[in-house]
Amino acid sequence: MYRTVAATLDDEMLGLWSRPIRSGTLKYLMLSLLDAPTVLVALNRFVRFWNLLLDDFRLQISTKNRLVSIRVVERAPGARIAPLAHELMMKLVHGIASWLLGREISLHLISFSFARPRHAEDYAFLFPGELRFDAAATGVDFHYRDCAEQFRREKHELWAFLKRAPEDWTFSAFHRASLTARTRDYLEQHIAQPVTIQDLAQALHTSVRTLNRRFAQEGTHFQSVKDGLRRDIAVHRLTNSNTGVEALAFDLGFSNATGFCRAFKHWTGSSPSDYRKGTRQGE
């Protein structure tokens, strides 16, 4: 559908910005990134590239407190774009950075300047990090350690990336053979139990040291994967069922509702009750 709409409109951003983003834009953007020495340099080029094209908004990049932040900033007060434009731009920058490194990069924070949408539960599958809505500006915060990494991508890999677009940058690129995916599968079967990394190591017939090394290679760690799964299940249950908060807390392996509520607010920026209320009001 994306390819059909983009080709019909001759606009790779689907008519969401005030200026059409003509066919071929992504190709030349990616060509400008391939020889960057690090992801951070590539992100700076990404920002400069888009600022040549966008009329009503500009991208702003900054580095502070071991984070690299990219924000969507109005060029003039009152400029507006559809929420899908915000979503697509944030997923594009995250997807491209992840593709350059060959792994999905975890995010510190993803902020959106609009109110929580009805489909907010989908964000948990698109953006691997804490989510906030009603923020001062739309933006994404990368960990500096990821941005400082070097990468190597060849042109023949780029042609395959472009041919599959937007598959490689719109959606989460988990491979079912990855340790992250295997860990989520195992945890989902034991979600109500206090599973530790030692339990996982025993189930996978390996050592904790090996697991930690492989998690690091995939840019994550055991607790992050566990929290991500709990978040995804919690969001789904709060949106699609009437399960009480206390019952949900115990179903997810928390010893009490207070601990669950604290964790959920850290993951999403809202309490479970407020989150459920927001999804119901949007119906």
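This text follows the structure it describes.
Procedures and definitions
- Residues numbered from 1 in each chain as written.
- Predicted model: local features only at pLDDT ≥ 70, side-chain atom pairs only at ≥ 80, totals over all residues.
- Heavy atoms only, no water.
- Helix = DSSP H or I, 4+ residues; strand = E, 2+ residues; numbered from the N terminus.
- Polar contact = N/O pair within 3.5 Å; in protein donor to acceptor, adjacent residues only side chain to side chain.
- Buried < 20%, exposed > 50% of the residue type's maximum accessible area, 1.4 Å probe, protein only.
- Pairing = 2+ DSSP bridges.
- Arc of directions from axis to C-beta.
- Contact = heavy atoms within 4.5 Å.
- Axes fitted to C-alpha atoms, helices over the stretch in contact; angles between N-to-C directions.
- Parallel < 35°, antiparallel > 145°, perpendicular 65-115°, else oblique.
- Nonpolar A, V, L, I, M, F, W, Y, C, P; charged D, E, K, R; others polar.

J.: Please explain the side chain of Arg 103 as it appears in this structure.
T.: Its location among the elements puts Arg 103 in the loop between helix H4 (83–101) and strand S3 (107–111). Within the structure, Arg 103 has its side chain in polar contact with the side chain of Asp 146 (distance 2.9 Å).

J.: Got a minute to help me understand the pairing of S3 in this structure?
T.: The side chains of a regular strand alternate between both faces of the sheet. Of all 5 residues making up S3, 4 are buried, and the element is well covered by its neighbours. Two strands pair when backbone bridges link them, and S3 and strand S5 (residues 138–143) are joined in this way by 4 bridges, in the antiparallel orientation. The partner of Ile 110 across the bridge, within S5, is Val 140.

J.: Got a minute to help me understand the pairing of strand S2 (residues 67–74) in this structure?
T.: Bridge count for strand S1 (residues 57–64) against S2 is 8 bridges, and the pairing is antiparallel. Residue Leu 59 lies in a different strand from S2, and its bridge partner there is Val 72. Connecting the antiparallel pair S1 and S2 is a turn made up of 2 residues, with Asn 65 showing a positive phi of about 55 degrees. In this sheet, S5 lies alongside S2 in antiparallel orientation, the contact comprising 6 bridges. Within S5, the residue paired with Val 68 across the bridge is Phe 142.

J.: I tried to follow helix H2 (residues 25–33) on my own but got confused; where do I start?
T.: Within H2 the residues assigned to the buried category are Thr 25, Leu 26, Leu 29, Met 30 and Leu 33. Each buried residue of H2 sits inside an arc of 125 degrees when the element is viewed along its axis, so together they form one side. Packing partners of the buried residues in H2 comprise helix H3 (39–53), H4, helix H7 (155–164) and helix H8 (167–170).

J.: Quick question: what am I supposed to make of the packing of helix H12 (residues 222–240) against helix H14 (residues 257–268) here?
T.: Packed helices, taken two at a time, are described by the angle their axes make and the gap between the axes. Where H12 contacts H14, the axes come no closer than 10 Å and their chain directions differ by 95 degrees. Relative to H14, the element H12 is oriented roughly perpendicular. Contacts between H12 and H14 pair Asp 227, Arg 230, Arg 231, Ala 234, Val 235 and Leu 238 from the former with Phe 260, Phe 264, Trp 267 and Thr 268 from the latter. Residues of the contact of H12 with H14, tallied by class, amount to 6 nonpolar, 1 polar and 3 charged.

The quantities given are spatial measurements derived from coordinates; they are silent on function.
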